[in-house]
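Letter by letter, the chains look like this.
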Amino acid sequence: METFPKPSRDVPPKKNRLQAKKKKPRRYWEEETTLTAAGASPGPPGNKKRNRELRHQRPKNTNNPKKSRFSRKPQLPKKPRERRNPGPQRSLSGAQDPFPGPAPVPVEVAQKFCRIDKSKKLPHSKSKTRTRLEVAEAEEQEISIKAARSELLLAEEPGFLEGEDGEDTAKIRQVDIVEAVDIASAAKHFDLNLRQFGPYRLNYSRTGRHLAFGGRRGHVATLDWVTKRLMCEINVMEAVRDIRFLHSEALFAVAQNRWLHIYDNQGIELHCIRRCDRVMRLEFLPFHFLLATASETGFLTYLDVSVGKIVAALNARAGRLDVMTKNPYNAVIHLGHSNGTVSLWSPAMKEPLAKILCHRGGVRAVAVDSTGTYMATSGLDHQLKIFDLRGTFQPLSARTLPQGAGHLVFSQRGLLAAGMGDVVNIWAGQGKASLPSLEQPYLTHRLSGHVHGLHFCPFEDVLGVGHTGGITSMLVPGAAEPNFDGLESNPYRSQKQRQEWEVKALLEKVPAELICLDPRALAEVDVISLEQEKKERIERLGYDPEAKAPFQPKPKQKGRSSTASLVKRKRKVMDEEHRDKVRQSLEQQPQKQEKKAKPTRARPSALDRFLR
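All of these numbers come straight from a predicted model, not from anything done at the bench.

### A short note on the UniProt feature "repeat: WD" (unreviewed entry) in the protein
Per the UniProt annotation, the sites labelled "repeat: WD" (unreviewed entry) are residues 356–390. Structurally, residues 356–390 comprises 0% helix and 57% strand, and the distance from its first C-alpha atom to its last is 13 Å.

As structure tokens, then:
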């Protein structure tokens, strides 16, 4: 007969053994039970000392991730991943990439987008400030590389007209160019026969989509010249001397015989500004929302079109002002005078910023390129000159024309157009921001009347010419930028987009007081004014509040603040300061000696006695 062993005190019964294997579910509010080495079932806590010995010992300086609150499994320290040698990446087809990694960017292309001048060394400032400057330089370098890579997305490329086998491009007529280009480009060449209301002045909008023109006999019209859709057409019943679009194609200003008038795109008169009377020329500064007017009485007036107030009215003291242009780079107004000088003006100054003697006779026309580097002038002496505006104001090239140029204009890529009687000549350089070569004209075109206005269309290879017979649109290959910024000047924007752009432009309006010759000087510290203010403050207070206070040792405890120890500590600090001053003077002494050193000569000169 089989007998079964009796259950002892240490061996639980079978039913209890199954219950022991079955784990009790843990709720989220319950604390995690301590895992024992033997993996026993949860029960009443045993000896605390024994549990502390069996607890898993973790080293203090391990980089283990934080243990999860709800996990029951002990997390083992992860092994560091071994970095494999990066080999050529394989595609889905199994082929290796022959050029792994990002594409290299040429240094010349990335340099075009750099805005920080790295030739200047960082000042000796605090470590925190220096770190910020270094971080800004690194971010600017990364952004310039990204911008250089994004040039691959530009759809169009600039080009020029080239003749076959050394053919002179000036002999190529507009009819030949129209026959060679596609249908869309050929439609951009047209003539408007408006002889009964001429001569005409014209202006294109910033987006290059709309055209406004006004005749001497009162005819004013605006149209979408791409689709030839007329927006408005009126007759103001008095002479029109100039016309300009404002910040958008919805508003334009007309300099009529007596006063300045503002119209909308429906031809409705919105304002009549009587303080601007007998205006001869108009210029609009888009980033400052300023309309500059030059009058017969010799006054240059700045009108803020965003608030409708006159910012400044400056007397040029040079008689009739009928030659005016703007510098697109720094928003400085250039005025040509009858004494052969060109003066540069800013609304923040009552006197001209600079005066340049350009011609022996009166100045007939002035133009400045888009980069603000070159200025072209023509005078009664039949001279066409190009000046350098980068601080020297010296003539770089000159050419004598059979007839003096009465109108000059630069394109976006640096082409120079000149109107001489009924002929338009265009000179080209090597590219954008390059000096136009005046030796041989790039294109020549003869019109049906005398030229009275020239303007290059933005983002289109088109030159608009206003003459006594009407309006002519010429095709000039390579004149404009082929790609436009859709957030700044979008020719295809809707009315909603235009309204949003106007709000953003008004929020980012530049104050008129910031117009100066060098806009980069606005980011620099005016040391002279700062020192003058500091000197006046010291005189007003009677002491220097920023002066370094004398050293006062802090008292110490336990009898270490005796009078002798305090004097000793003061003397030690004074000696250190004295040594620093002596060291600096010794370092500066060789530099002073080099400056004072005179060049050795073989024989003394009689003029040496005048040297100091």
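On we go.
### A few points about helix α4 (residues 127–149)
Here α4 contains 23 residues, and its C-alpha end-to-end distance of 33 Å stays within 8% of the 33 Å for a straight helix at 1.5 Å per residue. Those residues of α4 lying buried are E140, S144 and A148. Where α4 is buried, its residues contact α3 (107–111).

### Concerning the nonpolar core
F213, V424, I426, L463 and V476 are the most contacted members of the largest nonpolar core, which has 34 residues in total. When contributions to this core are tallied by element, the ones reaching two or more residues are β2 (200–204), β3 (210–215), β4 (219–224), β24 (423–427), β26 (451–456), β27 (462–467) and β28 (470–475). Not counting residues up to four positions away in its chain, the partners in contact with L463 are V409, A417, V424, I426, H455, F456, T472, S473, M474 and V476. If you look at the next biggest cluster of nonpolar residues, it comprises 29 residues, including A292, L321, V332 and I356.

### A short note on the side chain of T207
Structurally, T207 can be placed in the loop between β2 and β3. Among the residues examined, T207 registers a relative accessible area of 6% and is labelled buried. Leave out the neighbours within four places in its chain, and T207 touches E249, P458, F459, S489, N490, P491 and R493.

### Notes on the sheet that holds strand β20 (residues 383–388)
Within the open sheet, the 4 strands sit side by side as β18-β19-β20-β21. Their pairing is antiparallel. Each edge of the sheet is formed by a strand with only one pairing partner; in this case those strands are β18 (363–368) and β21 (395–400). Here the strands of the sheet are splayed against their neighbours by 15° on average, with no regard to which way each runs. The sheet contact formed by strand β19 (residues 374–379) and β20 spans 5 bridges and is antiparallel. If you follow T377 over to β20, its bridge partner there is K385.

### What about the environment of C114?
Looking at the secondary structure, you find C114 in the loop between α3 and α4. A residue is classified by how much of its surface remains accessible, and C114, at 24% relative accessible area, is partly exposed. Sequence separation of C114 and I143 is 29 residues, and the distance between their C-alpha atoms is 8.6 Å. Those residues within four positions of C114 in sequence are excluded, and the remaining contacts are E140 and S144.

### Remarks on the pattern of salt bridges
Tallied over the entire structure, the rule returns 20 salt bridges. For R320, the salt bridge goes to E296, with nearest N and O atoms at 3.4 Å. Remark: E296 occurs in the loop between β11 (290–295) and β12 (299–304) and R320 occurs in the loop between β13 (309–315) and β14 (324–326); sequence separation between them is 24 residues. Several salt bridges converge on common partners, so that one network encompasses R201, D242, R244 and E283.

### Let's talk about the pairing of strand β15 (residues 333–336)
Across the two faces of β15 the burial is the same, with I333 and L335 and H334 and G336 all buried. Pairing between β14 and β15: 3 bridges, direction antiparallel. Looking across to β15, one finds that K326 is bridged to I333. Following β14, the chain reverses through 6 residues before pairing antiparallel with β15; A331 in that reversal takes a positive phi of roughly 65°. The sheet contact formed by β15 and strand β16 (residues 341–345) spans 4 bridges and is antiparallel. Directly across from L335, in β16, lies its bridge partner S343. Count of turn residues in the β15/β16 antiparallel hairpin: 4 residues, of which G340 carries a positive phi of about 85°.

### Overview of the environment of L357
Position of L357 among the secondary structure elements: in strand β17 (residues 354–357). Given a relative accessible area of 62%, L357 falls into the exposed group. Residues L357 and F393 lie 36 residues apart in sequence; the distance between their C-alpha atoms is 9.4 Å. Not counting residues within four places of it along the chain, the set of residues in contact with L357 comprises N339, G340, T341 and F387.

### Description of the sheet that holds strand β7 (residues 251–256)
Sheet architecture is open: 4 strands sit in the order β6-β7-β8-β9, paired in antiparallel fashion. A strand with exactly one partner marks an edge of an open sheet, and here the two such strands are β6 (240–245) and β9 (269–277). Strand-to-strand, the axes of this sheet are offset by a mean angle of 20°, without reference to chain direction. Pairing of β7 with strand β8 (residues 259–264), which is carried by 5 bridges, proceeds in the antiparallel orientation. Considered in β8, the bridge of A253 is made with I262.

### Quick look at a negative patch on the surface
Residues D526, E533, E536 and E539 make up a contiguous surface patch of negative charge. Residue position: E533 is located in helix α8 (residues 527–541).

### Points about the side chain of T373
Topologically, T373 is positioned in the loop between β18 and β19. There is a polar contact of 3.0 Å between the side chain of T373 and the side chain of T371. Setting aside its immediate chain neighbours within four residues, T373 contacts F387, D388, L389 and R390.

### Quick word on the packing of aromatic side chains
Taken as a whole and assessed by the stated rule, the structure comprises 7 aromatic pairs. When the centroid spacing of 6.2 Å and the interplanar angle of 70° are considered together, the rings of F459 and F484 count as edge-to-face. Of the two residues, F459 sits in the loop between β26 and β27 while F484 sits in the loop between β28 and α7 (495–507), which places them 25 residues apart along the sequence. Here the guanidinium or amino end of R274 rests over the ring plane of W259, the centre of that ring lying 4.4 Å away.

### Focus: the pairing of β27
Summarising burial for β27: 6 of the 6 residues are buried, a large majority. Side chains V462, G464 and G466 of β27 all project onto a buried face; the interleaved residues L463, V465 and H467 project onto the opposite face, where all are buried too. Pairing geometry for β26 and β27, over 5 bridges, is antiparallel. Each bridged residue has a counterpart across the sheet, and for V451 the counterpart in β27 is H467. As consecutive antiparallel partners, β26 and β27 are separated by 5 residues, and within that stretch F459 has a phi angle of approximately 65°, a positive value. The pairing of β27 with β28 spans 6 bridges and is antiparallel. Bridging from a neighbouring strand, V462 pairs with L475 of β28. In textbook terms, the turn of a hairpin is the stretch between consecutive antiparallel strands, and for β27 and β28 this stretch comprises 2 residues.

The rules behind these values
- Residues numbered from 1 in each chain as written.
- Predicted model: local features only at pLDDT ≥ 70, side-chain atom pairs only at ≥ 80, totals over all residues.
- Heavy atoms only, no water.
- UniProt positions renumbered as here; feature names shortened; annotations may be inferred.
- Helix = DSSP H or I, 4+ residues; strand = E, 2+ residues; numbered from the N terminus.
- Expected span 1.5 Å × (residues − 1).
- Buried < 20%, exposed > 50% of the residue type's maximum accessible area, 1.4 Å probe, protein only.
- Contact = heavy atoms within 4.5 Å.
- Core = buried A, V, L, I, M, F, W, Y, C linked by side-chain atoms within 4.5 Å.
- Pairing = 2+ DSSP bridges.
- Axes fitted to C-alpha atoms, helices over the stretch in contact; angles between N-to-C directions.
- Salt bridge = Lys/Arg side-chain N within 4 Å of Asp/Glu carboxyl O.
- Patch = residues over 30% accessible without salt bridge, like charges linked within 9 Å, V, L, I, M, F, W, Y side chains within 5 Å.
- Areas by Shrake-Rupley, 256 points an atom, 1.4 Å probe, with all protein chains shown as cover.
- Lys, Arg positive; Asp, Glu negative; His and termini not counted.
- Charge placed at Lys NZ, Arg CZ, Asp CG, Glu CD.
- Polar contact = N/O pair within 3.5 Å; in protein donor to acceptor, adjacent residues only side chain to side chain.
- Phe/Tyr/Trp six-rings, centres within 6.5 Å; stacked < 30°, edge-to-face > 60°.
- Lys NZ or Arg CZ within 6 Å of the ring centre and 35° of its normal.

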